[in-house]
Each structure stands twice: as structure tokens, then as C-alpha cells.
Amino acid sequence: MSATPEKIARRNAARITDTGCYRDLDKQIRDPKTLNEIVFPETFEETKTMIEIADFIARCKAIDIQVTMLPPVFYTRNMTTTWTEKLYDYFQETVAPELFRLTESEVYDSVYHANHEGQKRVPNQLIQQLLEREELVE
């Protein structure tokens, strides 16, 4: 976590929910152009963590529990989707990773913190995609 005294003060002024999510971040503190890019790996490699997650998903599916993989929201200007596509294929996930990518206007103060606009859009689009997926199954 990037926790400078300035960031801590701004986050303390925001409302934090029971789940640890900051709410009411209704502005943009940092210019997204000044943020360091998130670096996605060049090549996809299976890790021990991925194997554990895949095993958990398989156990859930075996007892009819649906699992949806949700990454944190993030901002990056230039994103190659090869790695994320392979990751999602690995887990057989159908929610598009692009859904969680913030636009410039949705960044609050870091590449992982959405302002009110991003906090509103991402869950709404996620719910819409999940409902559409359920309609296709029925």
C-alpha cells in the first residue's frame, strides 16, 4: 500500500465501509498521467497460487457453487491484454478483465483507487454482466 501521510489523511477523511472499501471519493486527487504504470507480465506462467485457486473453484463447482473471479480495479494507460486473457482462460472466467480497468476520469489518487465515478460504474457493469450471463444459462 502506498501510504504517505498526505494519502492517509485523505483516506481518513473518506468514509470506509465494513468491507474496507473507501466511499465518497468524489474527486480526482492525482493526475493519472503522473501515475506509474502497472506492469503486466510478458508471458503467462502457472503459479502455486493459481493452482490453489483453481482447485478451490473446482471444489466449489463440484457442489454447485458458482465462483466469479474479481480482480481489484486498476488504472493503466497502455495495457496488453494477452496475460489477463490467458489468466481468465486458465480460470474459465467469463467476466471481462477490462471491466475493472479505470478510465482517466475514474482515478482517485492511485492506480488502485477509484473515485465515486469508478466506484459506481464498475459494480453496475459487473452486475449487468452477471445477470446477462445468468439469462444465457436459463
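This text goes with the structure placed above it.
Rules used throughout
Residues numbered from 1 in each chain as written. Predicted model: local features only at pLDDT ≥ 70, side-chain atom pairs only at ≥ 80, totals over all residues. Heavy atoms only, no water. Core = buried A, V, L, I, M, F, W, Y, C linked by side-chain atoms within 4.5 Å. Buried < 20%, exposed > 50% of the residue type's maximum accessible area, 1.4 Å probe, protein only. Helix = DSSP H or I, 4+ residues; strand = E, 2+ residues; numbered from the N terminus. Contact = heavy atoms within 4.5 Å. Pairing = 2+ DSSP bridges. 1 Å grid on protein atoms, 1.4 Å probe; cavity = no way out; pocket = protein on both sides within 12 Å on 5 of 7 lines; lining within 4 Å. Points joined across faces, edges and corners; volume = space filled by probe spheres on them. Nonpolar A, V, L, I, M, F, W, Y, C, P; charged D, E, K, R; others polar. Phe/Tyr/Trp six-rings, centres within 6.5 Å; stacked < 30°, edge-to-face > 60°.

(A) Quick look at the nonpolar core. By size, the foremost hydrophobic cluster in this structure holds 23 residues, and its most contacted members are L87, F100 and L102. Broken down by secondary-structure element, the contributors of at least two residues to this core are α2 (48-62), α3 (82-90) and α4 (116-137). Here this core takes 3 residues from α3, the largest share from any one element. When sequence neighbours within four positions are dropped, the list of residues in contact with L87 reads F44, M50 and M69.

(B) Broad picture of the pairing of strand β3 (residues 107-110). In terms of strand pairing, β3 meets strand β4 (residues 113-114) through 2 bridges, oriented antiparallel. For S110, the partnering residue across the bridge sits in β4 and is H113. Connecting β3 to the next strand, β4, in antiparallel fashion are 2 residues.

(C) Region of interest: the environment of K7. With respect to the element layout, K7 can be found in helix α1 (residues 5-13). Along the backbone, K7 and E106 are 99 residues apart, and their C-alpha atoms lie at a distance of 17 Å.

(D) Broad picture of the layout of surface pockets. Taken as a whole, the second largest pocket spans an internal volume of roughly 200 Å³. Its residues assigned to classes, the lining of the second largest pocket shows 12 nonpolar, 1 polar and no charged.

(E) Up close: the packing of aromatic side chains. Going through the model one piece at a time under the given rule, you end up with 4 aromatic pairs. Considering the side-chain rings of F40 and F74, the 5.6 Å spacing of their centres and the 65° angle between planes classify their relative orientation as edge-to-face. Taken together, the residues span a long stretch of sequence, with F40 in the loop between β2 (22-23) and α2 and F74 in the loop between α2 and α3 at a distance of 34 residues. Across the pair, exposure class does not vary: F40 and F74 are buried alike. Judged by centre distance (5.8 Å) and plane angle (50°), the ring pair of F44 and Y90 falls under tilted. Residue F44 is located in the loop between β2 and α2, and its partner Y90 is located in helix α3; the two are separated by 46 residues in the primary sequence.

The analysis is restricted to geometry; functional conclusions fall outside its scope.
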